[in-house]
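Summary of structural features
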Amino acid sequence: MILAISDFATVFEIARGSNGVFADACFRLLVGIGALIGGVTALVFKRKNNGLKSWIAAVFAIVWSLLWLYLHNFPHIFGHINNLVRAYHERQYQVVEGSVQVLQQQPVTGHTKGDIITVNGKQFEVNYFYATPAYRNTLAHGGVLGSGVYARLYYHNGEILRVDIRK
């Protein structure tokens, strides 16, 4: 049985700022760029002083900032966000509708897989500790996808872009 859109309430819809992932990535990027600029600036001003000790802090700041920027893999993070948001806006998603079955529930503290749910035979993992703009609210963190809830999920590559539940 397929219900009309008016029979559902949208409780989650992906956006660029969903779950604070974009803002967090921007903040971390600014930390790395700020440390790099500070290190290079200090190195430029210390170049007149030929003592090795005067260069150590500046070189450390430069190396640390480059490592910070490399390890955070910002092109991947921003690309992942853009990919999911674009897929939603361009309707490049699949839709599954039905009663939710919870196979496993993630504890509040994590340390295990997320909530494992199925809707009409399609399995999803909802992990509160996964940094994604997609739906990630587990039952332990106020999620709505509990056993018996009738839901319509819009998803792309296994990540939930929109959650509608029956009113």
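A brief structural summary. (Residues numbered from 1 in each chain as written. Predicted model: local features only at pLDDT ≥ 70, side-chain atom pairs only at ≥ 80, totals over all residues. Heavy atoms only, no water.)

1. Describing the overall build of the protein
Selection criterion: Counting from the N terminus, the helices are the DSSP runs of H or I reaching at least four residues and the strands are the DSSP runs of E reaching at least two. Based on C-alpha atoms, the radius of gyration is set beside the globule rule, defined as 2.2 Å times the residue count to the power 0.38. Only protein chains enter the accessibility calculation, which uses a 1.4 Å probe. A residue is then buried if its area is under 20% of the maximum for its type, exposed if over 50%, and partly exposed in between. Every residue pair with non-hydrogen atoms within 4.5 Å of one another is taken to be in contact. Exposure was quantified through the Shrake-Rupley algorithm and a 1.4 Å probe, taking into account, for residues, occlusion by the shown protein chains and nothing else. All tallies of charge rest on Lys and Arg as positive and Asp and Glu as negative; His and the ends of each chain are not included. Working definition for charges: the position is that of NZ of Lys, CZ of Arg, CG of Asp or CD of Glu.
On a plain count of helices and strands, the protein comes out with three helices and six strands. What you see in the protein, going N to C, is helices and strands ordered as β-α-α-α-β-β-β-β-β. For the protein, whose C-alpha radius of gyration is 22 Å, the value lies well above the compact-globule estimate of 15 Å for 167 residues. Projected onto the principal axes, the alpha-carbon positions of the protein cover approximately 80 × 35 × 20 Å. Taken across its 167 residues, the protein has 38% of its residues classed as buried. Pairs at least 24 apart in sequence give 61% of the contacts found in the protein among residues at least 6 apart. If you sum the accessible surface of the protein, you get close to 9,800 Å²; carbon and sulfur atoms cover 60% of it. Both charge centroids of the protein, one from 15 positive and one from 9 negative side chains, sit 15 Å from each other.

2. Considering helix α3 (residues 74-89)
Put simply, the rule is: Helix span is expected to be 1.5 Å times the residue number reduced by one.
If you check α3, its first and last C-alpha atoms are 22 Å apart, about what 16 residues at 1.5 Å a residue would give, namely 22 Å. When we look at burial in α3, the residues that qualify are F74, F78, H80, I81, L84, V85, A87 and Y88. A positive backbone phi angle near 55° is found at R91, which sits one or two residues after α3.

3. Brief notes about the packing of aromatic side chains
The description of two aromatic rings rests on the distance between their centres and on the angle between their planes. Selection criterion: Put simply, two rings from Phe, Tyr or Trp (the six-membered ring, in Trp's case) pair if the centres are within 6.5 Å, and we call them stacked under 30 degrees between planes, edge-to-face over 60, tilted for the rest.
As enumerated under the stated definition, the model contains nine aromatic pairs in all. Their ring planes at 70° and their centres at 5.5 Å tell us that F12 and Y135 sit as a pair that is edge-to-face. Highlighted residues: F12 in strand β1 (residues 8-13) and Y135 in the loop between β4 (122-126) and β5 (150-156), separated in sequence by 123 residues. Side by side, F12 and Y135 carry an identical accessibility label, which is buried.

4. Comments concerning the packing of helix α1 (residues 21-46) against α3
Packed helices, taken two at a time, are described by the angle their axes make and the gap between the axes. As a reminder of what qualifies: Between the N-to-C directions of two axes lies an angle of 0 to 180 degrees, each axis being a line fitted to C-alpha atoms and, for a helix, fitted only over the stretch in contact. Angular relationships are summarised with four words: roughly parallel below 35 degrees, roughly antiparallel beyond 145, roughly perpendicular across 65 to 115, and oblique for the angles in between. The crossing is said to be left-handed when, going from far helix to near helix, the turn is anticlockwise and less than a right angle, and right-handed when the turn is clockwise.
Interaxial distance between α1 and α3 falls to 11 Å at its minimum, and their mutual angle equals 160°. The orientation of α1 with respect to α3, classified from their angle, is roughly antiparallel. For the pair α1 and α3, the crossing hand works out as left-handed. From α1, V21, F22, A25, C26, R28 and L29 reach across to α3, where they touch F74, I77, F78 and I81.

5. Notes on a nonpolar patch on the surface
Using the following cut-off: In this analysis, a patch consists of residues with relative accessible area above 30% that form no salt bridge, clustered at 9 Å for like charges and at 5 Å for the nonpolar side chains Val, Leu, Ile, Met, Phe, Trp and Tyr. Throughout this description, the term salt bridge denotes a Lys or Arg side-chain nitrogen within 4 Å of a carboxyl oxygen of Asp or Glu.
Judged by side-chain polarity, W55, V59 and V63 come together as a nonpolar surface patch covering roughly 250 Å² of accessible area. Checked against the element boundaries, V63 lands in helix α2 (residues 52-72).

6. Quick notes on α1
A rise of 1.5 Å per residue sets the reference length of α1, with its 26 residues, at 38 Å; its end C-alpha atoms lie 37 Å apart and thus fit the reference within 8%. All buried positions along α1 are accounted for by V21, A25, G32, A35 and G39.

7. Some details on the pairing of strand β3 (residues 115-119)
Selection criterion: When DSSP finds two or more bridges between two strands, those strands count as paired.
In terms of residue burial, β3 counts as a mostly covered element, since five of its five residues are buried. On β3, burial covers both faces: D115, I117 and V119 on one face and I116 and T118 on the other are all buried. In the sheet, strand β2 (residues 94-104) pairs with β3 via four bridges, with the strands oriented antiparallel. Across the sheet, V102 pairs through a bridge with I117, a residue of β3. In terms of strand pairing, β3 meets β4 through five bridges, oriented antiparallel. Across the sheet, I116 pairs through a bridge with E125, a residue of β4.

That's the geometry; what it means functionally is another story.
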